[in-house]
Amino acid sequence: MITVYHNARCKKSREGLELVKNSGKEYQIREYLKEPLSEEELGKLLDKLSFYPMQLIRTNEKIWKEEYKNKDLSDKELITVMVKNPKLIERPIVETPNTAVVGRPGSKIEDIL
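Figured I'd write up the structure that's included with this text. No experiment lies behind these values; they were computed from the predicted model shown.

**Quick look at the sheet that holds strand β2 (residues 27–31)**
Taken in spatial order, the 4 strands line up as β2-β1-β3-β4 in an open sheet, and their pairing is mixed. One side of each edge strand has no neighbouring strand; the edge strands of this open sheet are β2 and β4 (100–102). Strand-to-strand twist in this sheet, taken as the mean axis angle between neighbours without regard to direction, amounts to 20°. Pairing of strand β3 (residues 93–95) with β4, which is carried by 3 bridges, proceeds in the antiparallel orientation. Directly across from I93, in β4, lies its bridge partner V102. Here helix α1 (residues 11–23) sits on the sheet in contact with β1 (2–6), β2 and β3, set at roughly 165° to β1. Strands in contact with helix α2 (residues 39–49) are β1, β2, β3 and β4; relative to β4, the strand with the most contacts, it is inclined by about 85°.

**What to know about the pairing of β2**
Bridge count between β1 and β2: 5 bridges; the pairing is parallel. Paired with I2 across the strands is Y27, a residue of β2. A crossover links β1 with its parallel partner β2, the connecting element being α1, and its sense is right-handed.

**Some words on the pattern of salt bridges**
Following the criterion strictly, the structure yields 13 salt bridges and no others. Across the pair E39 and K76 runs a salt bridge whose closest N-O atoms are separated by 3.7 Å. Taken as a pair, E39 in helix α2 and K76 in helix α4 (residues 75–84) lie far apart in primary sequence, 37 residues in all. What makes E39 partly exposed here is its relative accessible area of 34%. Put simply, E66 and K62 hold a salt bridge, and the shortest N to O gap is 3.9 Å. Of this pair, E66 and K62 both sit in helix α3 (residues 62–67), 4 residues apart, which is roughly one turn of the helix. The burial state of E66 is the same as that of K62; both residues are exposed. Through salt bridges that share partners, R58, E61, K87, E90 and R104 make up one connected network.

**Regarding the nonpolar core**
Of all hydrophobic cores here, the largest spans 20 residues; its most connected members are L42, L45, L49, L56, I89 and I93. Put simply, the parts of the chain that give this core at least two residues each are α2, α4 and β4. For L45, the contacting residues outside a window of four places in its chain are Y5, L37, I93, E95 and A100. Counting residues in hydrophobic clusters, the runner-up holds 7 residues, among them I2, L17, V94 and V101.

About the cut-offs
- Residues numbered from 1 in each chain as written.
- Predicted model: local features only at pLDDT ≥ 70, side-chain atom pairs only at ≥ 80, totals over all residues.
- Heavy atoms only, no water.
- Pairing = 2+ DSSP bridges.
- Helix = DSSP H or I, 4+ residues; strand = E, 2+ residues; numbered from the N terminus.
- Axes fitted to C-alpha atoms, helices over the stretch in contact; angles between N-to-C directions.
- Contact = heavy atoms within 4.5 Å.
- Right-handed = clockwise from strand over helix to strand, strands pointing away.
- Salt bridge = Lys/Arg side-chain N within 4 Å of Asp/Glu carboxyl O.
- Buried < 20%, exposed > 50% of the residue type's maximum accessible area, 1.4 Å probe, protein only.
- Core = buried A, V, L, I, M, F, W, Y, C linked by side-chain atoms within 4.5 Å.

Following this line, the structure appears as structure tokens:
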């Protein structure tokens with residue numbers, strides 16, 4: 001099953017979801033702003049992405065700039081920050097049973113479908 005971590009207000013996320021829909025494959029949507037990930041779920045997703053936590057953070061978000069930008073945070077602390085502030089998580093993320101990608105550009109999504 002494919003999971004799309006989706007923010008309906010984001011144009012890139014909507015475009016990524018459309019690519020998954022058009023693939024004809026079975027998928028589910030997780031609106032992670034409404035149903036936040038746990039620290040364990042986010043850790044597993046980071047492993048599938050082969051990302052360090054900092055690579056998944058939207059550093060241009062106001063909350064990042066005002067509250068976290070100049071702090072020296074460990075990977076575990078960064079995961080906690082993303083769980084508490086899911087708006088900071090890059091999007092869209094498409095996850096298959098074996099891998100995951102951040103769909104920027106959309107061709108990354110096509111590559112795993």
